Amino acid sequence: MSWLVLSLIALFCFVIYDVSGRYFATRSENPQVFSVIYNATLVLLSPLIFLVDHTMPGQINWPIVGVTSLGLLVWGVFGRYEYFAKKHVEASTLSIVGKLDIILNFCLVLIFLKESLTLHKILGMVLIITVNIILFYGNARKSIISDKGLKYAIILSFLLALGWLFDTINVKSWGVGTFAILTFVSPVVIGCFFPTIHLKQLKRELVLTPYWQFVALASANFVGYALMLKALTFGPASNVMPIVTSGSPFIVLLGYLFLGEKDHPYRKLVAASLSVLAIYLMR
């Protein structure tokens, strides 16, 4: 298959993951425990990554171990809070507000990796800020996102920006497959503590969400990730990444149809569509 077909299927998988993740999160009694089960399922699936990417770890030294540990800590904390954000923020809203992570990541890359600042990237950042103004302008902010939801959305955006920065540095040393396994294990380890979870809580989440549904949810994200990697072997990242990250309009539409997210639908759709344009400008 061509990079375009692979990218479109990956996009579809990521959209399904975001919409269904919101659905399951609203049913969860303890999003921390839900996240542990979900990420443990990803760990079981993750060796299949080697089917699409055969890269093995290179020479590993102590500085690499140190930077990798920081990156895994970031992903561990991200996993700890991901489903709190999905529980308290509508999928359509999170898909728009969450695009702030692109600005944060670019600023970090600009500072630490010395990437160039272009007019298109500046316009993209301005457009993402404009998108959020469109979403909130003229409405009481709490009618769109609660205080708790905003807190979790900001935490997730910041952690994603940091996580992508560390990924850029670390994946070259470990290879995609090995590093993916490590990033899936980290949220399980951190999620089991702070506070410590108990077997009773795990059983309760598995009553609310049967395990086959965890497998389906994890598979959607995993297949999207694997196909994205495969697409990157056939086509340039500047073509692939804008496609696989442009799911916001579809999330808004599916959220409206299936999740009951019917507040401000036109405003959300306009904001989501403009966020896709911003992604293309910043590629």
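Provided above is the structure to which this section pertains.
It should be emphasised that the depicted structure is a prediction, and the values quoted were computed from it without experimental measurement. (Residues numbered from 1 in each chain as written. Predicted model: local features only at pLDDT ≥ 70, side-chain atom pairs only at ≥ 80, totals over all residues. Heavy atoms only, no water.)

Draft legend 1. Representation of the overall build of the protein chain within the structure. Assigned secondary structure in the protein chain consists of 13 helices and zero strands. Along the protein chain, helices and strands appear, N-terminal first, in the series α-α-α-α-α-α-α-α-α-α-α-α-α. Relative to the 2.2 N^0.38 estimate, which gives 19 Å for 283 residues, the radius of gyration of the protein chain is 18 Å and therefore close to what a compact globule would have. Projected onto the principal axes, the alpha-carbon positions of the protein chain cover approximately 55 × 50 × 35 Å. Looking at the 283 residues of the protein chain, the share that counts as buried comes to 50%. (Helix = DSSP H or I, 4+ residues; strand = E, 2+ residues; numbered from the N terminus. Rg over C-alpha atoms; globule rule 2.2 N^0.38 Å. Buried < 20%, exposed > 50% of the residue type's maximum accessible area, 1.4 Å probe, protein only.)

Draft legend 2. Spotlight on the packing of helix α2 (residues 31-45) against helix α8 (residues 176-191). Remark: α2 packs on α8, axes separated minimally by 8 Å, with the N-to-C direction vectors making an angle of 150°. Put simply, α2 runs roughly antiparallel to α8. In this structure, α2 meets α8 at a crossing whose hand is left-handed. On the side of α2, the interface is formed by Gln-32, Val-36, Asn-39, Ala-40, Leu-42 and Val-43, while α8 contributes Phe-184, Val-185, Pro-187, Val-188 and Gly-191. Tallied by class, the residues present in the contact of α2 with α8 amount to eight nonpolar, three polar and no charged. (Axes fitted to C-alpha atoms, helices over the stretch in contact; angles between N-to-C directions. Parallel < 35°, antiparallel > 145°, perpendicular 65-115°, else oblique. Left-handed = near helix turned anticlockwise from the far one by under 90°. Contact = heavy atoms within 4.5 Å. Nonpolar A, V, L, I, M, F, W, Y, C, P; charged D, E, K, R; others polar.)

Draft legend 3. Region of interest: the nonpolar core. Counting residues in hydrophobic clusters, the biggest one holds 28 residues, and the most contacted among them are Phe-78, Ile-96, Leu-135 and Phe-136. Secondary structure elements with two or more residues in this core: α3 (62-88), α4 (91-97), α5 (100-112), α6 (119-136), α7 (147-174) and α13 (265-281). A per-element tally of this core places α7 first, with nine residues. Beyond its immediate chain neighbours, meaning those up to four positions away, Leu-135 contacts Thr-93, Ile-96, Val-97, Ile-144, Arg-267 and Lys-268. One finds Val-36, Phe-184, Val-188 and Ala-226 within the second-largest nonpolar core, a separate group that totals 24 residues. (Core = buried A, V, L, I, M, F, W, Y, C linked by side-chain atoms within 4.5 Å.)

Draft legend 4. Just a nonpolar patch on the surface, in detail. Together, Leu-117, Leu-119, Ile-122, Leu-123 and Val-126 make up a nonpolar patch on the protein surface, roughly 450 Å² of accessible area in all. In this fold, Leu-117 is placed in the loop between α5 and α6. (Patch = residues over 30% accessible without salt bridge, like charges linked within 9 Å, V, L, I, M, F, W, Y side chains within 5 Å. Areas by Shrake-Rupley, 256 points an atom, 1.4 Å probe, with all protein chains shown as cover. Salt bridge = Lys/Arg side-chain N within 4 Å of Asp/Glu carboxyl O.)

Draft legend 5. The arrangement of unusual backbone geometry in detail. Of the consecutive residues Phe-194 and Pro-195, the connecting peptide bond is found in the cis state with omega at -5°. Turning to its location among the elements, Pro-195 is positioned in the loop between α8 and α9 (199-208). Positioned with a positive phi, Phe-194 is a non-glycine residue whose angle comes to about 60°. Relative to the helices and strands, Phe-194 resides in the loop between α8 and α9. Look at His-264: it is not a glycine, yet its phi comes out positive at around 50°.

Draft legend 6. Structural detail: the packing of aromatic side chains. Enumeration according to the criterion identifies twelve aromatic pairs in this entry. Residues Phe-34 and Phe-214 carry aromatic rings whose centres are separated by 4.6 Å and whose planes lie at 40° to one another, so their mutual orientation is tilted. Highlighted residues: Phe-34 in helix α2 and Phe-214 in helix α10 (residues 211-234), separated in sequence by 180 residues. As far as burial versus exposure is concerned, Phe-34 and Phe-214 are alike and both buried. Through successive ring pairs, a cluster of aromatic residues spans Tyr-17, Phe-34, Tyr-38, Tyr-83, Tyr-211 and Phe-214. Directly above the ring of Tyr-83 sits Lys-86, whose terminal nitrogen or CZ lies 5.9 Å from the centroid. The ring of Tyr-256 carries Lys-262 above its face, with NZ or CZ at 4.0 Å from the centroid. (Phe/Tyr/Trp six-rings, centres within 6.5 Å; stacked < 30°, edge-to-face > 60°. Lys NZ or Arg CZ within 6 Å of the ring centre and 35° of its normal.)

Draft legend 7. Representation of the side chain of Thr-93 within the structure. For Thr-93, the location among the structural elements is in helix α4. When its relative accessible area of 0% is taken as the criterion, Thr-93 is described as buried. Among residues more than four places away in sequence, those in contact with Thr-93 are Leu-135, Ile-144, Ile-145 and Lys-268.

Draft legend 8. Inspection of helix α11 (residues 237-244) at higher detail. Those residues of α11 that fall on the buried side of the exposure criterion are Val-240, Pro-242, Ile-243 and Val-244. The elements touched by buried residues of α11 are α1 (3-27), α10 and α13.

Draft legend 9. Inspection of the pattern of salt bridges at higher detail. Within this structure, the stated rule accounts for four salt bridges. Lys-86 is the salt-bridge partner of Asp-18, the closest N and O atoms lying 3.5 Å from each other. Of this pair, Asp-18 sits in helix α1 while Lys-86 sits in helix α3; the two residues are 68 residues apart in sequence, bridging distant segments of the chain. Between Arg-204 and Glu-29 there is a salt bridge whose closest N-O contact spans 3.1 Å. Residue Arg-204 is located in helix α9, and its partner Glu-29 is located in the loop between α1 and α2; the two are separated by 175 residues in the primary sequence. Taking relative accessible area as the criterion, Arg-204 reaches 36% and is therefore assigned partly exposed. Judged by relative accessible area, Glu-29 falls into the exposed class, the value being 54%.

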